[in-house]
Amino acid sequence: KADMWNPPSNARNETHVGNQTQGPYDFGLKNPFCMDLLGWKNEMLESSIGNNKTRFVEKLCLDYASDVEQQTPTTRTSQETMILYITNQLERRNLHVHDTVCVTNVGIHDQKLCAGKSDELCLQIYLQNVGVYLNLLQKVCGDIVW
């Protein structure tokens, strides 16, 4: 966890909608290091399958295609933090990128970022954020399912 939280650029406030292009937008904006997504948590399931091999499935929660909810001293977005975490897990478990399948989706919360923007601009921002996110995922995912 970073020592200090950096809010999204151009974040909205009580008097200005802003030109915000990253989450968080609601609860997480008022509560640094918290997500807008309530009631969900990261989870890992592991099981041994013989020959000392372990299979695992991990659910990592993200609210937006780009957000600054989860920051570390070396990452500025939740997406970068997730990639760092997966990279460390692969190294710790002596696994390769080709051993992974990442199942992901984002978009529901991203709609909140459309306030005060045209549909065209909103779509452009979303597609740009998704593009950056998918490029990050390609570094740690052998296959990506959307």
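Above this text sits the structure in question.
The structure reproduced in this document is the subject of the present report. Everything numeric here is computed off the predicted structure, so don't read it as measured data.

Inspection of the sheet shows strand β1 (residues 43-48) paired to strand β2 (residues 54-59) by six bridges, in the antiparallel sense. For Glu43, the partnering residue across the bridge sits in β2 and is Lys59. Following β1, the chain reverses through five residues before pairing antiparallel with β2; Gly50 in that reversal takes a positive phi of roughly 95 degrees.

A word on the environment of Phe33. Within the secondary structure, Phe33 sits in the loop between α1 (27-30) and β1. In this structure Phe33 touches Lys1, Ala2, Met4, Trp5, Glu69 and Gln71, once residues within four positions along its chain are discounted.

A few words on the packing of aromatic side chains. Counting across every chain of the model gives zero aromatic pairs. Geometry around Phe33 places Lys1 over its ring, the cationic atom sitting 4.5 Å from the centre. The cationic tip of Arg93 hangs over the ring face of Phe56; the distance from NZ or CZ to the ring centre is 3.8 Å.

So, on to the pattern of salt bridges. In the structure shown here, the tally under the stated rule is three salt bridges. Lys112 is the partner of Asp26 in a salt bridge, and the nearest nitrogen-oxygen pair spans 2.8 Å. In this pair, Asp26 sits in the segment before α1 while Lys112 sits in the loop between β3 (101-103) and α3 (119-138), placing the two residues 86 residues apart along the sequence. Here Glu43 and Lys59 are joined by a salt bridge, their closest N and O atoms 3.0 Å apart. Of the two residues, Glu43 is situated in strand β1 and Lys59 in strand β2; the sequence distance between them amounts to 16 residues. You can call Lys59 partly exposed: its relative accessible area is 30%.

Counting 15 residues, the largest nonpolar core has Met82, Ile83, Tyr133, Leu137 and Val140 as the members making the most contacts within it. Sorting the residues of this core by element identifies α2 (78-92) and α3 as the ones contributing at least two each. Apart from residues no more than four positions distant in its own chain, Met82 is found in contact with Leu60, Leu62, Tyr133 and Leu137.

Criteria and thresholds
- Residues numbered from 1 in each chain as written.
- Predicted model: local features only at pLDDT ≥ 70, side-chain atom pairs only at ≥ 80, totals over all residues.
- Heavy atoms only, no water.
- Pairing = 2+ DSSP bridges.
- Helix = DSSP H or I, 4+ residues; strand = E, 2+ residues; numbered from the N terminus.
- Contact = heavy atoms within 4.5 Å.
- Phe/Tyr/Trp six-rings, centres within 6.5 Å; stacked < 30°, edge-to-face > 60°.
- Lys NZ or Arg CZ within 6 Å of the ring centre and 35° of its normal.
- Salt bridge = Lys/Arg side-chain N within 4 Å of Asp/Glu carboxyl O.
- Buried < 20%, exposed > 50% of the residue type's maximum accessible area, 1.4 Å probe, protein only.
- Core = buried A, V, L, I, M, F, W, Y, C linked by side-chain atoms within 4.5 Å.

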